[in-house]
Each structure stands twice: as C-alpha cells, then as structure tokens.
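Structural overview for review
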Number of protein chains: 2
Amino acid sequence: MAAIAEWPQSDAGADRLPLYRRIADELRRDIAEGRLAPGASLPTEHELIRRFGVSRGTVRQARAALRAEGTVGGSQGRVFSVKGAPITQPLGELISFTSWASGLGRQPGARVIDFGPEPISADAADALDLPSSARCWRLERIRTLDTLPVMIERTVFPDEIGTMLQGADLSIRSVYAELEARGIVVATARHRISAVAADATDAGLLDIPRGSPLLRVERRGLDRDHQPIEWSIDTYRGDRADFEIENSAAAPTLARRLDEGGA
Amino acid sequence: MAAIAEWPQSDAGADRLPLYRRIADELRRDIAEGRLAPGASLPTEHELIRRFGVSRGTVRQARAALRAEGTVGGSQGRVFSVKGAPITQPLGELISFTSWASGLGRQPGARVIDFGPEPISADAADALDLPSSARCWRLERIRTLDTLPVMIERTVFPDEIGTMLQGADLSIRSVYAELEARGIVVATARHRISAVAADATDAGLLDIPRGSPLLRVERRGLDRDHQPIEWSIDTYRGDRADFEIENSAAAPTLARRLDEGGA
DNA sequence: GTAGCATTCTTGTATAGACAAGTTGCGCGA
DNA sequence: TCGCGCAACTTGTCTATACAAGAATGCTAC
C-alpha cells in the first residue's frame, strides 16, 4: 500500500495534512473545477480505498467532512452524489459580472452606452445617501457572454468614485477590479430581486420581444464603513440567468418584500 | 457493559435510533435545557464510553455530529466545550409565507388545490435525494394576502414529512409551524430565483394576463443533517413581490447562474 | 412481458487497538 | 518562589474487522 508516496508532490505544505483532509481536498477540487458535476456520483468507498491506499475509516472521514458542508450527499445503499459546489468566494467576486463570466469559462464583454457626470436623480440620491444637489456619475452598459447580450447594467457612482473610473477602459476591465486597485472594496451589498416585463428600450438592447420576463436586480454596494459605493440596476434576460442563494440558520439574509404598488 | 439496557425507556420509538444518535441527542438535550451551559465542558470521551457502555468510535461519532452543528467545539488535547445552544427557531421564519404576511400586518391565506401522496417525479427525486421508487407528497396551494392571490406554491415532501402533515389544516396554519411542532426544523435552504412568463395555468390562478412576468423561487429546505425536508417551487406575481438579500463579505451567499438553455 | 425474488453492491453502525499530538497540572530542582 | 520538565490526560488520526440495512440489478417463474 504505497499509494500515498505516488501522490502529486506539487503542494509542498500539504504533506503535513492528515490523510482524510487530503482526500477531502482532492474531492472538493474535483467538484469545484467541474470534473465532478452536480448530480454526478462520487467514487465509491472501495474505489477511494484502492486509489489512496487507506483504510475505510479514513475514506469515510473524508466524505463525512464533505457531507457536513452540504457539498455531497448520500444515504445507505446509494452511491454518494454531488449536491452543488461550495460557495466560498469573496463578495466582490460574487457580484462582479466579469468574475462570474470567467468562472463559467465564458468571454465577458461590455459595450458602454453612456458614461459621464450628471446631476443626481432623486432615487439615486436616496440610494447613495447623497444630497439632491450632489453630482454623480452614470454608467450604462450592455454586458455580454461570448458576444450574446445577457444584461443591461445601469449604475450610479458618487462623484469621487466616478472620478476614479475616468480614463479606465470600462469595456474590458471589471469596475470592481478597477476600484480594488485603488483600495475601494465592497464589503456589504444589498440586493433586491424582482421580475419585470421588458419595455421597448430593454427589449431592443437585449434583442428579445417586448414583454419578455426580465430579472431585475437592484444593488447597493457599501464599503467597510457602510459608505455607498454604487447603486446599480441590472436587468438580466430571464432565459439566460438566474440567482442562487444559500441560507443557513447562522446567516439569514433572504427576505421577501411586498410591492405595495400593485394592489 | 450493559449500560444501554439501563437507559430511560421513555421515548418508545427511540430505541431504533443508532447509538451515536442517541448519545448526541442526550447531549443536545443537556445543552438545550441548560444542564450544560455555554462555556461548560462536555464529558470526556472516557466518561461517555463508561456512561453509555459503547466504544470510542461511537462516542466520537456522536460528538462529531454536535460539532458539525456548531453546538460544541474542541481541539486536540482540550476538553470539548459548549459553544452555544443549538438553534431551534430560525430560518423557517424567514421562509415562511405566513410569518412574512403577519410581519407585514396582512392577513395570510391559502387555498389548497391539491394535497396527497403520489409517485415521485425525476426532478423531485433528485432534489429531495430520494430513490426514484420513493413515494412523496405533493402540496399545491394559492397563497393570498388579504384575499389577493400573490403566489402559487408547489411543494413536494418526502413521505415521512408528508405523513406528518396529514390531517393538518393547511389552509390556515403554516407548514413550518406544523413541522416545528414535530421537531422538524429547517436549518439550511437553497434558493434559486428566476424570472419566467406566466403560462395559461398560472395566469388563471393568479388572475393576470398570460405572459406576465413572474418571480419563480425554487427552494430546497434541509434539516441540520442536510436531509431534504421539502422541495418547493413558488411562483410570485412579479408586480406584487420581490426579494431582498443582504450580503456581507463574511457570509457570501448569493451567486449568479447561467441558464444554458437559452443560447 | 412482467412481477417478484435473490444476489450483489454500497453505505451505515459498531468495536477494538495503536500511536500521535496537544494541554494541563503537578512536582522537583534551582 | 519561580520555572522547567515530565507525566497524565484528552483528543486526533489511522487501521482492521464484522455485521446490518438499503438500493440496484438481474434472473426466474409465471
């Protein structure tokens, strides 16, 4: 049973980890990197025992760790299967369209429709916690995946943030990457998700019929001091994207809202 | 080692539970009922071995279960200690339509369209992690606020959960309240939110034109052991409700998904 | 063809023993 | 008295084995 010695020696520090951790890590990597898709079967205990040259208890310990995370599931008699990739990215990554696209292996794109300073709207002043006399910057872009239009992004930045973005090539680099390079980090974000019908403008921009269902995501991004960084309304094609949320009892973050207008 | 025979025989059904579960349950009770206060030390492995007359592995399994819940913590060399009372109230409140409506000061209502046992669909078997031969219970309801239809709820329960709901008045009391009264608690939930157009059926049920935008929320509710409790697809009138999510960097739980079908 | 049974596979539960690693506390020596 | 080190204790890691229970599969009998 000399299988351990034949493991990839790449990560230098890894050889001090217990065996079951290394097995769990390898399986977790397989899941995160897509070699084991959700719904797929994990190797059976016997296979893992042979592959890693360890005892059954060790294999079971490894899989128990993954199960405790909710990453995989199984029950007596049935092969373990992948339930879903663990969500562990930093918040900026989660919000950024660019990071999202890259993670999917798609080519993110952006077509800037409008970018410049302008007087602030009442809604924006409210959302960004600014006086109605303040100046702000407005950015409107079409976001694409492999050239397919997926989302319309309409963002308002406070003046000092917008100024930072001046001169940046907003059709390529992520706004978040740009801001992070200047020490601005999104620490908290509030989202409000709703469904709307496409009006004539959005239908044209997204190349869909009028009235098609759209996923509208309103976002307020705040820094560590709860200072508003951006207020954005992203409008996704309903047939191209949806959102996934995990709530644990420890971090209850999803709430329903009633739109009073419709009564 | 005849300690098992001397256990309290009170709960009649408990004797079919595995040993480690019974030990974990007893410790959990000790914590919940204050006999073991936060900060206090748990019995050592040796004490538990003697007290229950089991082997070390079994005791370790019991404590591993508590640790996975975050109820207790320990590390090598140090005695296990209580970290906090196990959570028994939480996430259900956020998810429950009834709680939501009450919080808004509205009168929640439900009209049961269908409730009963039936063979499981492939999707449901997948979501609930059940064999395709399993039986399940399907519940379909129209949810109302002050008699206005707001949402269609289509839920599938595993057999043992559905059986519990038999006889309950599902047009009044919250399903979650009903389950909680029986010791079933939603500890984790995964939501997937998307926008769809109303088909003829849903348009009729919600009293809106065909093609109207709807907010579709697919939810998998899991208990502390990540065992699926329910799989539900809730369809909201787009003009009556939206969702709010707060993300902090500490608890990043929102992810975007790409719907591959639309390319 | 199909229902039902039996086999086989996979996971769950439990025990026992061995060694490693970290913590705590006691006692001894300076 | 103070500090160091050893010893005892506690948990972590790992192996090996045995039997039970649920699931999937294939085969047989009808």
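Residues numbered from 1 in each chain as written. Chains lettered and ligands numbered in written order. Predicted model: local features only at pLDDT ≥ 70, side-chain atom pairs only at ≥ 80, totals over all residues. Heavy atoms only, no water.

1. Overview of the protein's contact with DNA strand C
Near DNA strand C, the surroundings consist of 23 residues, among which A:Arg56, A:Arg67, B:Leu19, B:Thr58 and B:Gln76 are the closest. In DNA strand C, atoms within 4 Å of the protein come from the sugar-phosphate backbone in 70% of cases. In this structure, a phosphate oxygen belonging to DNA strand C sits 2.9 Å away from a main-chain N or O atom of A:Glu45. The separation between a phosphate oxygen of DNA strand C and a polar side-chain atom of B:Tyr20 is 3.1 Å. Residue assignment for the surface near DNA strand C shows that the elements contributing at least two residues are α3 (56–69) of chain A together with α1 (19–32) and α3 (56–69) of chain B. For the surface near DNA strand C, the residue count by class is 5 nonpolar, 10 polar and 8 charged. (Near = heavy atom within 4 Å. Polar contact = N/O pair within 3.5 Å; in protein donor to acceptor, adjacent residues only side chain to side chain. Helix = DSSP H or I, 4+ residues; strand = E, 2+ residues; numbered from the N terminus. Nonpolar A, V, L, I, M, F, W, Y, C, P; charged D, E, K, R; others polar.)

2. Points about the packing of aromatic side chains
Residue and element names in this part refer to chain A. Inspection of every chain in the model, using the stated rule, returns 4 aromatic pairs over all chains. Here Phe115 and Trp137 contribute two aromatic rings whose centre-to-centre distance is 5.3 Å and whose plane-to-plane angle is 40°, an arrangement assigned as tilted. Placement of the pair is Phe115 in strand β3 (residues 108–119) and Trp137 in strand β4 (residues 135–145), with a sequence separation of 22 residues. Owing to a relative accessible area of 26%, Phe115 belongs among the partly exposed residues under this scheme. (Phe/Tyr/Trp six-rings, centres within 6.5 Å; stacked < 30°, edge-to-face > 60°. Buried < 20%, exposed > 50% of the residue type's maximum accessible area, 1.4 Å probe, protein only.)

3. Overview of the protein's contact with DNA strand D
Inspection of the region around DNA strand D gives 25 residues, with A:Leu19, A:Thr58, A:Gln76, B:Arg56 and B:Arg67 positioned closest. Those atoms of DNA strand D that come within 4 Å of the protein belong to sugar or phosphate at a rate of 70%. Residue B:Arg56 places a side-chain N or O atom 2.6 Å away from a base nitrogen belonging to DNA strand D. At a separation of 3.0 Å, a sugar or linking oxygen of DNA strand D approaches a polar side-chain atom of B:Gln76. When contributions to the surface near DNA strand D are tallied by element, the ones reaching two or more residues are α1 (19–32) and α3 of chain A together with α3 of chain B.

4. So, the pairing of strand β6 (residues 188–197) of chain B
Residue and element names in this part refer to chain B. In terms of burial, β6 is largely enclosed, as 7 of its 10 residues are buried. One ladder, built from 10 bridges, connects β6 with strand β7 (residues 213–222); its direction is antiparallel. Paired with Ala189 across the strands is Gly221, a residue of β7. (Pairing = 2+ DSSP bridges.)

5. A closer look at the pattern of salt bridges
Within this structure, the stated rule accounts for 47 salt bridges over all chains. In this structure, A:Arg219 and A:Glu230 form a salt bridge, with 2.8 Å as the shortest nitrogen-oxygen distance. Highlighted residues: A:Arg219 in strand β7 (residues 213–222) and A:Glu230 in strand β8 (residues 228–237), separated in sequence by 11 residues. Both residues of the pair, A:Arg219 and A:Glu230, belong to the buried class. In this structure, B:Arg192 and A:Asp242 form a salt bridge, with 3.1 Å as the shortest nitrogen-oxygen distance. Taken together, the residues span two chains, with B:Arg192 in strand β6 and A:Asp242 in strand β9 (residues 241–248). (Salt bridge = Lys/Arg side-chain N within 4 Å of Asp/Glu carboxyl O.)

6. Overview of unusual backbone geometry
Of note, A:Thr147 is a non-glycine position whose phi angle comes to about 70°, a positive value. Along the polypeptide, A:Thr147 turns up in the loop between β4 and β5 (148–158). With a relative accessible area of 69%, A:Thr147 lands in the exposed category. A positive phi angle, close to 65°, is found at B:Asp207, a residue other than glycine. Mapped onto the elements of the fold, B:Asp207 is located in the loop between α9 (200–206) and β7.

7. Details of the environment of A:Thr71
Residue and element names in this part refer to chain A. Among the structural elements, Thr71 can be located in the loop between α3 and β1 (72–73). Look at Thr71 and you get buried, because its relative accessible area is 1%. Sequence spacing of Thr71 and Val82 is 11 residues, and the spatial spacing of their C-alpha atoms is 6.3 Å.

8. Observations concerning α3(B)
Residues and elements named next belong to chain B. Helix length check: α3, at 14 residues, gives a terminal C-alpha distance of 20 Å against a target of 20 Å (1.5 Å per residue), a fit within 8%. Looking only at α3, the buried set comprises Thr58, Val59, Ala62, Arg63 and Leu66. Projected down its long axis, α3 carries its buried residues within an arc of 130°, all on one side. Where α3 is buried, its residues touch α1, α2 (45–52) and β1 (72–73). Gly70 occupies a position one or two residues after α3 and carries a positive phi of about 80°. (Expected span 1.5 Å × (residues − 1). Arc of directions from axis to C-beta. Contact = heavy atoms within 4.5 Å.)

9. Notes on the pairing of strand β5 (residues 148–158) of chain B
Residues and elements named next belong to chain B. Extensive coverage of β5 is indicated by the burial of 9 of its 11 residues. Where strand β4 (residues 135–145) lies against β5, 10 bridges are found, and the strand directions are antiparallel. Paired with Arg143 across the bridge in β5 is Met151. In this antiparallel pair of consecutive strands, β4 and β5, the connection spans 2 residues, and Asp146 shows a positive phi of 50°. By the bridge criterion, 6 bridges tie β5 to strand β8 (residues 228–237) in an arrangement that is antiparallel.

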